[in-house]
Amino acid sequence: KNKNFIVNKSNGIPIIRGKDIQRYYIREPKIFVDKKLENKNSLFGLLKENLSDFEIERLENQNLEGVYVSQKRQRYYPQVKLASGVLGFVDTNGEGQYGLESYYDNELKQQLNGNIGSDLELTIDYNIQFMSEKLLKNAVEGLEAEGGQIIVADPISGAIIALADYPNFDPNNYSDYAKDENMIIFQNSATQKTYEPGSAFKPITMAIAIEEGKITPQTTYRDSGVVKIGGYDIYNYAQRIYPGDITMTQVIEKSINTGIVFVEQQIPHSIFLDYLDKFGFFEKTGVDLPEVFSENEELKKGYEINFATASFGQGIEITPLQLVRVFCGLANGGKMPKLYLVAKRKENGKTIETQPEFSNQIISEKTASQTISMMVSAVENGYSQAAKIPGYYIGGKTGTAQVAEGGGYSAEKTIQSFIGLGPAFSPKFVILVKLDNPKAKTAEYSALPVFHDLAKYIINLWQLTPDYKI
């Protein structure tokens, strides 16, 4: 409940003079009080909101004629900034803005107005959300990144365990953060902003080719260090060349661009697009949050170079939550769960539990298992070894993507991410860590350590049974 300080007016003249109010309570210049009372079309003038208990007691003890303390119901967020991007806020008009407040505005508004509305019980785990936000904040500030997100999901049910977005804000004082005319800070970057995922996309291309029978994890190719398509040259990271026969598993282990282009070239473009459609990259995920998506019209034009770069996550725009949903599908044997944040809703005394929903079988359980095994090999033997947690098999993939800018790609800016799951062969969680333009060489040195620390924390918190003895 919020208590307001109101001064009664008669014929536009304050009953209590500004100087008296200044002496007894406001301690503001008379011009401040006069400005508050200048609306002559109202019988009341609101001087201050959100009074403290001490201020209320002082006022009531004065018994000032014409001065009233009133109450109104409003939303209060006791955890302050925690999960602010998930919650959103209620504005001065009682309208839900952003997050769950916007998505469930009609139901929650009834409750705010004193009517019987809905209570929402979230899937968010307080401890994991707190740790996610702590790790994210430290990473963004330590690496001088522009921002970042962490998503933790249960791949079997689709429940979102944590969703952190930094920088965040205090929904109790949202106006203090509304300095940007576009109010970008209030948008949840996990669902309301698209990006190019980079090499974190490679396991998806690999899964499509395996499902179509074009390759196996043991299929080999010869790396020349460059793929020429039209007038374009595609190189490996740092223009590395890998000698000898390279297996598809090694392509994931070492994140070889030319190798994944080889994979994509085995798949007809129409089939590739069809799988991307089935994976939900051209539509909203359906999560109970405001969200956007990209039609990826440029990719759909069918140019050879666009499909080549899309194979390693450049030139395809997605949201972080779209990527998490697909990896949940890999962990769930080829069926993607619908991601959700509200576990239960209480309406008119009835409890309504959210029931898990799943897509059709997009890839086979065998393909999903083989793709996960390749990601495990990336952690055990490849460039993602910093994700290893003794006693557990972890699967995952780094992504260091160039940022599209001015009709091309920035030579300086990158988005660095790591997406992984664990324990890999009986997954209990999928984690995406994404950092926007951190001052680090690649995701191996930025997002990957954050994933490791959070995955280890969850394993210990949930006391998950080890896969093998140390």
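See the structure above.
As the structure is a prediction and not an experimental result, all values here were calculated from the model.

Colleague: Help me understand the sheet that holds strand β14 (residues 342–347) in this model?
Modeller: Sheet strands line up and pair through hydrogen bonds in the backbone, either parallel or antiparallel. Overall, antiparallel pairing links the three strands, which are arranged β7-β14-β15 in an open sheet. Of all the strands in the sheet, just β7 (118–122) and β15 (350–353) have a single pairing partner and so form its edges. For this sheet, the mean angle separating the axes of adjacent strands, direction not counted, is 20 degrees. Strand direction decides the pairing type here: β14 and β15, joined by four bridges, are antiparallel. Within β15, the position partnered with K344 by the bridge is E353.

Colleague: I would appreciate a short explanation of the packing of aromatic side chains in the present structure.
Modeller: Both the distance between ring centres and the angle between the ring planes are used here to describe each pair of aromatic rings. Counted under the stated rule, the structure contains 15 aromatic pairs. Considering the side-chain rings of Y221 and F262, the 5.4 Å spacing of their centres and the 20 degrees angle between planes classify their relative orientation as stacked. Pair noted here: Y221 is in strand β10 (residues 220–222) and F262 is in helix α11 (residues 257–264), with a separation of 41 residues, a long-range link. A residue is classified by how much of its surface remains accessible, and Y221, at 8% relative accessible area, is buried. Members of the aromatic cluster, connected to one another through ring pairs, are F89, Y98, F169, Y174, Y177 and F186. When the ring centre of F282 is taken as origin, the NZ or CZ atom of K300, which lies over that ring, is 4.2 Å away. The positively charged end of K434 is found above the aromatic ring belonging to Y195, 4.9 Å away from the centroid.

Colleague: What am I meant to see in the side chain of S311 here?
Modeller: Relative to the assigned elements, S311 resides in the loop between α14 (304–310) and α15 (320–331). A distance of 2.5 Å separates a polar side-chain atom of S311 from the backbone oxygen of A308. Once residues lying within four places of it in the same chain are set aside, the contact partners of S311 are F201, K202, T205, I260, V261 and E264.

Colleague: Which parts of the structure should I look at to understand the pattern of salt bridges?
Modeller: Any two side chains of opposite charge can pair, given that their charged atoms come close. As enumerated under the stated definition, the model contains 14 salt bridges in all. As a salt-bridge pair, R345 and E107 come within 3.0 Å of each other at their nearest N and O atoms. With a gap of 238 residues between them, R345 in strand β14 and E107 in helix α6 (residues 105–112) connect regions that are remote in the sequence. Note that K301 is salt-bridged to E298, the shortest N-O span being 3.0 Å. With relative accessibility at 44%, the residue E298 sits in the partly exposed group. Counted as one network, the salt bridges with shared partners bring together E95, D105 and K109.

The rules behind each value
Just so you know, the residues in each chain are numbered from 1, in the order the chain's sequence is written. Only residues with pLDDT of 70 or above have their local features reported here, since the model is predicted, and side-chain atom pairs are shown and tallied only from 80 upward, although totals for entire chains, interfaces and linings are computed over all residues. Neither water nor hydrogens contribute to the side-chain values; these are computed over all heavy atoms in the structure. Think of it this way: DSSP has to see at least two bridges between two strands before they count as a pair. Numbered from the N terminus, helices here are DSSP runs of H or I no shorter than four residues, and strands are runs of E no shorter than two. For helices, the fitted line uses only the C-alpha atoms of the stretch in contact; every axis is such a line through C-alpha atoms, and the angle between N-to-C directions lies from 0 to 180 degrees. Pairing of aromatic rings covers Phe, Tyr and Trp, the last counted by its six-membered ring, and requires centre-to-centre distances within 6.5 Å; plane angles under 30 degrees mean stacked, over 60 mean edge-to-face, and any other angle means tilted. Partly exposed describes any residue whose relative accessible area lies between the buried limit of under 20% and the exposed limit of over 50%, with all areas from a 1.4 Å probe on protein chains only and scaled to the type maximum. Charge-over-ring placement is defined geometrically: NZ (Lys) or CZ (Arg) within 6 Å of the ring centre, and within 35 degrees of the ring normal. As used in this structure description, the phrase polar contact means that two N or O atoms lie within 3.5 Å; if the pair is within protein, one of them must be able to donate a hydrogen and the other to accept it, and residues adjacent in sequence are counted only when both atoms belong to side chains. Whether two residues are in contact is decided by their heavy atoms: any pair within 4.5 Å suffices. Any Lys or Arg side-chain nitrogen found within 4 Å of a carboxyl oxygen on Asp or Glu counts as a salt bridge.

Purely geometric numbers; function is a separate question.
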